[in-house]
Amino acid sequence: MTRPTCPHPARFGVFDSGLGGLSVLKALRQRLPASELIYVADSGHAPYGERSDAFIQQRSEVVARFLVEQQIDVLVIACNTATAVAAQSLRAQWPDLPVVGVEPGLKPAVAQSAQGRVGVLATEGTLRSEKFQRLAASFADQATLVLQACPGLAGAIEAGDVDALAVRERVEACCAPLRQQQVDTVVLGCTHYPFVAHHIQAALGSDVTLIDTAEAVARQAERLHLAMPAKGHSSSRSSNARTPSGALAVQLYTSGSVTGLRDIANRWLDFDCEVSMLPMPR
Ligand code: DGL
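Note that the structure is a prediction, hence the values are computed from the model and not measured.

## Brief notes about the layout of surface pockets
Now for step 1: There is about 350 Å³ of room inside the largest pocket.
Now for step 2: If you go around the largest pocket, you meet 21 residues; those closest to its centre are Gly101, Glu103, Thr213, Ala216 and Val217.
Now for step 3: Elements supplying a minimum of two residues to the lining of the largest pocket: strand 4 (99-100), helix 4 (106-112) and helix 10 (214-227).
Now for step 4: The dominant element in the lining of the largest pocket, judged by the number of residues it contributes, is helix 10, at five residues.
Now for step 5: Class assignment of the residues belonging to the lining of the largest pocket gives a composition of eleven nonpolar, four polar and six charged.

Listed below in structure tokens is the structure:
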């Protein structure tokens, strides 16, 4: 089957509490190479998953407003925690803006689990949210779900060295209970975790299947984009900078360290990015 090609490249705004959403950005770039991508890492306020709902909502709104000001066509919340806590209020605030969220991939996990024993690794914020509780309840009769919060893991990944001892210790602490429960499938329910999938896989054993939803999120963003009427806004808004090869550069903004994000982007992404500070007051 041939994939539909995008008739009108769009501008996508993408955000996460920090670096984790870069896993989604990678999938978006692969799927929508002609579109403009603007990413905000709210690293100055990460991790979201151990904060109050009010804090997560307030930060999500600040970051989304910045992206809306960049005249984006689609907002991608590349954060399970922000989606669970703030997606509804962002949709209410910008009712005309298509919003794609990300949630732990219980559906594909339950569908592929041979033993019906599924582990979910996610932040405390995601697991306690009503949205996730409803999602989990809808699969309760189909599989045994073992929910595992991972305090400290996203924060350790934010430090940038995914092979650091602190990261490996956190991974081991989060995976041990899932091993004990003999799950055969594990959902990576936080966009930071794909960057440590190799450690998670080693801690759980090679028989366990890991589920990541980055691809599915990119497909959903593409679907929404294809359903949108062409706006022809190339003349009404400035276009992002181009790389020497003529490709559109991906714009990255951070509320944390610009050098830190630039360094991570160079190591984790296989395309050119321009990195800037998220303008103040943020
Ligand atoms: N990457 C985020 C998620 O998908 C949150 C990590 C955090 O800031 O706690 O939930």
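## Considering the site of the ligand
Now for step 1: Around the ligand, the structure places 13 residues, and the nearest of them are Ser17, Tyr48, Gly49, Thr81 and His192.
Now for step 2: In the environment of the ligand, a nitrogen atom lies 3.0 Å from a nitrogen or oxygen atom belonging to the side chain of aspartate 16.
Now for step 3: One of the backbone nitrogen or oxygen atoms of threonine 191 is found 2.8 Å away from an oxygen atom of the ligand.
Now for step 4: Here the ligand, which alone exposes 300 Å², has 100% of that area covered by the protein.
Now for step 5: Broken down by class, the residue content of the shell around the ligand amounts to five nonpolar, seven polar and one charged.

## Let's talk about the packing of helix 1 (residues 22-31) against helix 10
Now for step 1: Put simply, helix 1 and helix 10 touch, their axes get as near as 8 Å, and they point 50° apart. It follows from the interaxial angle that helix 1 and helix 10 lie oblique. Crossing angle aside, the handedness with which helix 1 passes helix 10 is right-handed. Across the interface between the two elements, Ser23, Val24, Ala27, Leu28, Gln30 and Arg31 of helix 1 pack against Ala214, Glu215, Val217, Ala218, Arg219, Ala221 and Glu222 of helix 10.
Now for step 2: Class assignment of the residues belonging to the contact of helix 1 with helix 10 gives a composition of seven nonpolar, two polar and four charged.

## Comments concerning the sheet that holds strand 7 (residues 185-188)
Now for step 1: Pairing within the open sheet is parallel, and its four strands lie in the order 6-5-7-8. Each edge of the sheet is formed by a strand with only one pairing partner; in this case those strands are strand 6 (144-149) and strand 8 (209-211). Strand-to-strand twist in this sheet, taken as the mean axis angle between neighbours without regard to direction, amounts to 25°.
Now for step 2: Relative to strand 8, strand 7 runs parallel, the two sharing three bridges. Bridge pairing links valine 187 to isoleucine 211 in strand 8.
Now for step 3: Packing against the sheet, helix 8 (residues 165-180) makes contact with strand 5 (117-122), strand 6 and strand 7, and its axis sits at approximately 165° to strand 6.

## Quick look at the sheet that holds strand 3 (residues 74-77)
Now for step 1: If you walk across this open sheet you meet the six strands as 4-3-1-2-9-10, and the pairing is parallel. The open sheet terminates on both sides in strands that have one partner only, identified here as strand 4 and strand 10 (273-277).
Now for step 2: Bridge count between strand 2 (residues 36-41) and strand 9 (residues 250-254): four bridges; the pairing is parallel. The partner of isoleucine 38 across the bridge, within strand 9, is glutamine 251.
Now for step 3: On the sheet, helix 3 (residues 80-93) packs against strand 1 (11-16), strand 3 and strand 4 and is oriented at approximately 155° with respect to strand 3.
Now for step 4: Those strands touched by helix 11 (residues 258-268) are strand 2, strand 9 and strand 10, and its axis lies near 160° from that of strand 10.

How each quantity is defined
- Residues numbered from 1 in each chain as written.
- Predicted model: local features only at pLDDT ≥ 70, side-chain atom pairs only at ≥ 80, totals over all residues.
- Heavy atoms only, no water.
- 1 Å grid on protein atoms, 1.4 Å probe; cavity = no way out; pocket = protein on both sides within 12 Å on 5 of 7 lines; lining within 4 Å.
- Points joined across faces, edges and corners; volume = space filled by probe spheres on them.
- Helix = DSSP H or I, 4+ residues; strand = E, 2+ residues; numbered from the N terminus.
- Nonpolar A, V, L, I, M, F, W, Y, C, P; charged D, E, K, R; others polar.
- Near = heavy atom within 4 Å.
- Polar contact = N/O pair within 3.5 Å; in protein donor to acceptor, adjacent residues only side chain to side chain.
- Areas by Shrake-Rupley, 256 points an atom, 1.4 Å probe, with all protein chains shown as cover.
- Axes fitted to C-alpha atoms, helices over the stretch in contact; angles between N-to-C directions.
- Parallel < 35°, antiparallel > 145°, perpendicular 65-115°, else oblique.
- Left-handed = near helix turned anticlockwise from the far one by under 90°.
- Contact = heavy atoms within 4.5 Å.
- Pairing = 2+ DSSP bridges.

So yeah, pure geometry; function would need other evidence.
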